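Examination of the molecular architecture
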Amino acid sequence: MSNQKFAAAMALALGLGISGQAHAWMQYCNGTSITLWTTYQWYAPSCDPTGGNPWQKQGWWSLNPGECKVVFGPSLPSRYSYYFAEGGGQVWAGTYSTCTPYAAFNYCDNICNTNARSLGYRELDTGTSTNYTLTFTP
């Protein structure tokens, strides 16, 4: 291999390695035999600059059995986040109650309307991770 080709191959390999390390995410995986519908809520100080409710939420992602989807793309903004999932008569819920639209949404937690219902979200502690995979199991 010529020095020029070797240098180009090394530059490509280094570039791929650097870009691979920069990716971070929250990913949901469906470990059940049913289709699930999921939501995600994360710390977002820009949602309420006055300090009232700095959380943003998004949903609904459909997850077929065995499927995984990234539901949040940047590095996780804090140790704690919240989620809700349901499907096939099963529910993954918790004690944190929040207004959740019936249709697809992506907005700050302090927004609600008549086309929504109150759901109990489950808290998720991801520790110091910058990315995390949550697998729903029966």
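Residues numbered from 1 in each chain as written. Predicted model: local features only at pLDDT ≥ 70, side-chain atom pairs only at ≥ 80, totals over all residues. Heavy atoms only, no water.

Here we look at the state of the cysteines
Simply put, disulfide is the name for a covalent bond between the sulfur atoms of two cysteines. Counting across every chain of the model gives 3 disulfides. Each sulfur of the disulfide joining Cys 29 and Cys 68 lies 2.0 Å from the other. The S-S bond linking Cys 29 to Cys 68 shows a torsion near 115°; that makes this disulfide right-handed. Pair noted here: Cys 29 is in strand β1 (residues 26-30) and Cys 68 is in strand β4 (residues 68-72), with a separation of 39 residues, a long-range link. Owing to a relative accessible area of 9%, Cys 29 belongs among the buried residues under this scheme. Here Cys 47 is linked by a disulfide to Cys 108, with a sulfur-sulfur distance of 2.2 Å. The S-S bond linking Cys 47 to Cys 108 shows a torsion near -85°; that makes this disulfide left-handed. On the criterion of sequence distance, the pair formed by Cys 47 in the loop between β2 (36-43) and β3 (55-63) and Cys 108 in strand β8 (residues 105-108) is long-range, its members being 61 residues apart. For the pair Cys 47 and Cys 108, one class covers both residues: buried. Take the cysteines of the protein chain that form disulfides and number them in order along the sequence; they join up as 1-3, 2-5, 4-6. (Disulfide = S-S within 2.5 Å. Helix = DSSP H or I, 4+ residues; strand = E, 2+ residues; numbered from the N terminus. Buried < 20%, exposed > 50% of the residue type's maximum accessible area, 1.4 Å probe, protein only.)

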